[in-house]
Amino acid sequence: METIKQNLGVDVDSKELKVSLNFMMADLSIKTKGSRTFKNTLKGFQSLQEWVEKKRIKDLPLSITMEATGVYYENLAYFFEEQESYLVHVVLPNASNAYFKSLKLKSKTDKIDAWGLAHMGLERKLGTWTPVSQQMRDLKKVVRERLRLIKEKNMVTNQLHAELASFKPSSIVCKRYEKRITFLEKQMLATEKDLHKFVEKDPDLKEKLDNVCTACGIGFITAVGVVAEYNGFILFKNRNQVVSYAGYDVRQKESGTSIKGQDRISKQGNSYVRQMMYMAAMAAARHDPHHRAYYLRIVAKTNIKMKANVAIQRKLVLLIYALFTKNEKYDPLHFLKVRNRLKAKSTKKTELVET
């Protein structure tokens, strides 16, 4: 029977690759051509390529499906993406886990996961993985390093506070805490200088980021961090994709009349974006009249300040997306202009209906 699709499923960990090569036949049945284990090294990738080339159908496109497991998948994804004869698909773990549940698998092993990913690549239409540019990758790594330094500094600061509040605090311990905090602050300043250096090398990127920073609440570090996490928005075609990527999309839970859950954001997205946007939303709600009015309206309705903060975060992410992609400065009267435009349209419609 003729084979219509072929896909290699790869389960990746820090040391090994469990692979499964599956074929989809003309009657839509799926057969496993072979499965093996390779090392997660360059030699392992080359051995995997030799093995799969012996078993694949030459005249048929070969897809490779893997999970985004930390950073362990990246070397393998780049290795096969650089070669034109392969289509690389990288899926989020929550998406693959949801698919595995539909297969009703009773056991879970690395080998079964590889088979499931191969199955998923044959049955589902997956987007082709596009690597992040070297510039954005460098920016992203420095931004994430800075976030980790902030987290570590907050932890050490809390430890120092606890020591000072204890009975007869140790001066030796406190001095070490203080030195560590000073060191972390210097490291944070170094990361900020590096970010400025990276941006200064690209005049076009600098101009776009300067335009983004004209919006209230959005500083340079926030702007460059969000843009780096979104890879310059090159793969995003609409606002819904931008919202979903950061996990700001709303998840509803309703069933008939008996179940009516609260609407919540999914949080199934980039947590680094949400982490960076928290303080930006606080600043915007405090200093920008439009965002402050929106914030107070949500607090008055729900009495939940965090919900209002998240709503501002979502608006700011979309604002960054618009300003960066259009390369425009922020217009404080934009929201008022849009509101007046919508009112004018509704008035015209009403007049047409009446006539």
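Keep in mind that what you see is a predicted model, and the values were worked out from it rather than measured.

**Q** I'd like a rundown of a nonpolar patch on the surface, residues and numbers included.
**A** On the surface, Y278, M279, I304 and M306 cluster together into a nonpolar patch covering about 390 Å² of accessible area. Turning to its location among the elements, M306 is positioned in helix α12 (residues 305–326). What makes M306 partly exposed here is its relative accessible area of 45%.

**Q** Explain the pattern of salt bridges residue by residue, including any values.
**A** Side chains that carry opposite charge are capable of pairing whenever their charged atoms lie near each other. This model, assessed by the stated rule, comprises eight salt bridges. A salt bridge links E53 to K58; the nearest nitrogen and oxygen atoms lie 3.1 Å apart. Assessed through its relative accessible area of 54%, K58 is described here as exposed. In this structure, the salt-bridge partner of D210 is K206, at a minimum N-O distance of 3.1 Å. Here D210 and its partner K206 are both found in helix α7 (residues 203–212), four residues apart, which amounts to about one turn of the helix. Since its relative accessible area comes to 36%, D210 is described here as partly exposed. Look at K206 and you get partly exposed, because its relative accessible area is 28%. Each of E53, R56 and K58 takes part in a single network of salt bridges with overlapping partners.

**Q** Provide a residue-level description of the sheet that holds strand β3 (residues 30–39), including the pertinent values.
**A** Ordered in space as β3-β2-β1-β4-β5, the five strands form an open sheet in which the pairing is mixed. The sheet terminates laterally at β3 and β5 (86–91), the two strands that pair on one side only. Sheet twist, expressed as the average angle between the axes of neighbouring strands with direction ignored, equals 20°. Lying on the sheet, helix α1 (residues 42–55) is in contact with β1 (3–12), β2 (16–25), β3, β4 (62–67) and β5; it crosses β3 at an angle near 160°. Where helix α4 (residues 110–123) meets the sheet, its contacts fall on β1, β2, β3, β4 and β5, and the angle it forms with β1 comes to roughly 145°.

**Q** How would you summarise the side chain of R137 if you had to cite specific residues and measurements?
**A** Locating R137 in the fold gives a position in helix α5 (residues 134–165). Despite its burial, R137 remains without a salt bridge, the nearest opposite charge being carried by D138 at 5.6 Å. Here R137 is in contact with Y78 and V132, once residues within four sequence places are set aside.

**Q** Break down the confidence of the model for the chain for me, with residues and values.
**A** Per-chain confidence: the chain averages 90 in pLDDT, with 95% of residues scoring 70 or above. The least confident element of the chain, judged by mean pLDDT, is strand β8 (residues 259–260) at 58; the most confident is helix α6 (residues 171–200) at 96.

What counts as what
Residues numbered from 1 in each chain as written. Predicted model: local features only at pLDDT ≥ 70, side-chain atom pairs only at ≥ 80, totals over all residues. Heavy atoms only, no water. Patch = residues over 30% accessible without salt bridge, like charges linked within 9 Å, V, L, I, M, F, W, Y side chains within 5 Å. Areas by Shrake-Rupley, 256 points an atom, 1.4 Å probe, with all protein chains shown as cover. Salt bridge = Lys/Arg side-chain N within 4 Å of Asp/Glu carboxyl O. Helix = DSSP H or I, 4+ residues; strand = E, 2+ residues; numbered from the N terminus. Buried < 20%, exposed > 50% of the residue type's maximum accessible area, 1.4 Å probe, protein only. Pairing = 2+ DSSP bridges. Axes fitted to C-alpha atoms, helices over the stretch in contact; angles between N-to-C directions. Contact = heavy atoms within 4.5 Å. Lys, Arg positive; Asp, Glu negative; His and termini not counted. pLDDT = per-residue confidence, 0-100.

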